[in-house]
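So the chains spell out like this:
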Amino acid sequence: MIRKLLKSLREYKKPTLLTIFCAAIEVVFEILIPLCMSDLLDFGIEGGKMSIVVKDGTWLIVLAALQLLTGVLAAVLGAKASAGFSANLRQDIYDNVQTFSFSNIDKFSTSSIVTRLTTDVTNIQNAYQMIIRIAVRAPLMLISSMVMCFVVNADMSFIFLGAIVFLAAVLVIIMLRAMKIFNVAFTKYDDLNASVQENMSGIRVVKSYVREDYENEKFKKASGNLYNMFKKAESTLAFNNPVMMLVIYACIMAICWFGAKFIVVDKTLQIGELTSLFSYVMGSLMSLMMLSMIFVMITMSVASMRRITEVLR
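Everything quoted here is computed from the prediction, not taken from an experiment.

K.L.:
Give a description of the packing of helix α7 (residues 154–185) against helix α10 (residues 212–237) that names residues and reports values.
P.N.:
Relative to each other, α7 and α10 sit at 165°, their axes nearing to 9 Å. The orientation of α7 relative to α10 falls into the category roughly antiparallel. At the point where α7 passes α10, the crossing takes the left-handed sense. Across from I174, R177, A178, I181, F182, V184 and A185 in α7, the residues of α10 making contact are L226, M229, F230, K232, A233, E234, T236 and L237.

K.L.:
Outline the side chain of T236, listing residues and values.
P.N.:
Within the secondary structure layout, T236 lies in helix α10. Accessibility expressed as a relative area gives 11% for T236, which makes it buried.

K.L.:
How would you explain helix α11 (residues 240–266) if you had to name every residue and give the values?
P.N.:
With 27 residues, α11 extends 37 Å from end C-alpha to end C-alpha; this agrees with the ideal 39 Å at 1.5 Å per step. Where α11 is buried, its residues meet α7, α10 and α12 (271–312). K267 sits one or two positions beyond α11 and adopts a positive phi of about 60°.

K.L.:
Describe the nonpolar core, naming the residues involved and giving the relevant values.
P.N.:
Core analysis: the largest hydrophobic core is formed by 45 residues, its most contacted members being M156, L167, F182 and L285. Looking at this core, the elements that each hand over two or more residues are α2 (13–45), α5 (110–132), α6 (134–152), α7, α10, α11 and α12. When residues of this core are assigned to their parent elements, the largest contribution, 13 residues, is made by α7. The residues touching M156, leaving out its near neighbours within four places in the chain, are I255, F258, G259, F262, L269, L274 and L277. In terms of nonpolar packing, the next biggest core, distinct from the first, is built from 19 residues, I93, V121, V311 and L312 among them.

K.L.:
Give a description of a nonpolar patch on the surface that names residues and reports values.
P.N.:
On the surface, W59, V62, L66, L69 and L73 cluster together to form a nonpolar patch covering roughly 440 Å² of accessible area. Tracing the sequence through the fold places W59 in helix α3 (residues 50–97).

K.L.:
So what's going on with the packing of aromatic side chains? Residues and values would help.
P.N.:
Applying the stated rule across the entire model yields two aromatic pairs. Their ring planes at 45° and their centres at 4.9 Å tell us that F85 and Y128 sit as a pair that is tilted. Of this pair, F85 sits in helix α3 while Y128 sits in helix α5, and the two are 43 residues apart along the sequence. Each member of the pair, F85 as well as Y128, carries the same accessibility label: buried.

K.L.:
Which residues make up the packing of α6 against α7, and what are the values?
P.N.:
Where α6 meets α7, the axes come as close as 6 Å, and the angle between the chain directions of the two elements is 150°. The angle between the axes of α6 and α7 places the two elements in the roughly antiparallel class. The handedness of the crossing between α6 and α7 is left-handed. For the pair formed by α6 and α7, the contact residues are L142, S145, M146, C149, F150 and V152 on the first element and A154, S157, F158, F160, L161 and I164 on the second. Split by residue class, the contact of α6 with α7 holds 10 nonpolar, two polar and no charged.

K.L.:
Describe the pattern of salt bridges, with residues and values.
P.N.:
For the structure shown, the criterion picks out five salt bridges. Note that D120 and R307 form a salt bridge whose closest N and O atoms lie 2.7 Å from each other. Of this pair, D120 sits in helix α5 while R307 sits in helix α12, placing them 187 residues apart in sequence. Exposure remark for D120: the relative accessible area of 1% places this residue in the buried category. Among the charged side chains, a salt-bridge network with shared partners connects E26, E30 and R137.

Cut-off values and rules
- Position numbers for residues count from 1 along each chain, tracking the sequence in the order it is written.
- With the structure being a predicted model, the display of local features is reserved for residues of pLDDT at least 70 and the display and counting of side-chain atom pairs for 80 or more, all residues being used for whole-chain, interface and lining totals.
- The basis for the side-chain values is all heavy atoms of the structure; hydrogens and waters are excluded.
- As a rule, the C-alpha atoms of each element are fitted with a line to give its axis, helices using only the stretch in contact, and angles between N-to-C directions run from 0 to 180 degrees.
- Helical segments are the DSSP runs of H or I of at least four residues, strand segments are the runs of E of at least two, and each set is numbered from the N terminus.
- For classification purposes, angles smaller than 35 degrees are called roughly parallel, those larger than 145 roughly antiparallel, those between 65 and 115 roughly perpendicular, and all remaining angles oblique.
- Throughout, a crossing is termed right-handed when the near helix is turned clockwise from the far one, and left-handed when it is turned anticlockwise from it by less than a right angle.
- For this analysis, residues touch if any pair of their heavy atoms sits within 4.5 Å.
- Relative accessible area decides the class of each residue, using a 1.4 Å probe on protein chains only: under 20% of the type maximum gives buried, over 50% gives exposed, and in between gives partly exposed.
- Working rule for helices: expected span equals 1.5 Å times residues minus one.
- By convention a nonpolar core is built from buried Ala, Val, Leu, Ile, Met, Phe, Trp, Tyr and Cys residues, the set being connected through side-chain atoms within 4.5 Å.
- Patch membership requires more than 30% relative accessible area and the absence of a salt bridge. Residues of like charge join within 9 Å; the nonpolar side chains Val, Leu, Ile, Met, Phe, Trp and Tyr join within 5 Å.
- Exposure was quantified through the Shrake-Rupley algorithm and a 1.4 Å probe, taking into account, for residues, occlusion by the shown protein chains and nothing else.
- Whenever a carboxyl oxygen of Asp or Glu lies within 4 Å of a side-chain nitrogen of Lys or Arg, that contact is scored as a salt bridge.
- Here the aromatic set is Phe, Tyr and Trp, taking the six-membered ring for Trp, and pairing holds for ring centres within 6.5 Å; pairs whose planes are under 30 degrees apart are stacked, those over 60 apart are edge-to-face, and all others are tilted.
- Charged means Asp, Glu, Lys or Arg here, nonpolar means Ala, Val, Leu, Ile, Met, Phe, Trp, Tyr, Cys or Pro, and polar covers whatever is left, Gly included.

Quick look at the structure:
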């Protein structure tokens, strides 16, 4: 199925590879910034050495500029690749429909083909853009942040590791519930498009037999079903952000509590290292949040991929 769809990528293979490369390099710069900040605080400001402050401050500006540049390039190239891929996909579906036999025409209704050309292709476009950008960036950021946390302070990292396990478990439960609803919701688009198509093509008949109220009620029902499905799915996904904030602030409070002990009592941690730990914790937990959204988007697009592949075959 995926191989069939990727044939439509064609001239947009190069922007796709460049997007992946830029997203990976962006993570490298983002990981280096907290290390540079830690060095600046511990040896420059705390040590009172202006030369280190100037050197690390310059590096911070350079790294931030490079991260911005690679981030912008990844966004621009990702948009170009995903939009071009969807344009090619729509053209391939349209060209293939022109060759349909009578049996194929009977199998696929007009409303179903319209839904596949519009909503389904858009779902795939959005999922593809997230895959080549966020699905590359988020796992790299998550793994790199975990490694750097253990490098900075192994004892403090277990707080961070526990927070990740808890958040991952909650996000998986939320995601699985939302995915079931989305799978059903996208089949309702055909009913909605069929209602619109019938009314547009048979408007004279509807008016002749004074069936406006019946057709209005029919459309309202189809639209209402779609509304209820998406409201239920989005209400489930709405728990993502509160759970995320709860885990982040709980993790920060725990790091502050134990970090103060390690700095003041044990003398095994410095202020700059504690600051870098905060940055890595925030980055990794946000990456986990993004990964959960990617899985939802991919799940939403899987049904669309099946429907489009069905037409292409």
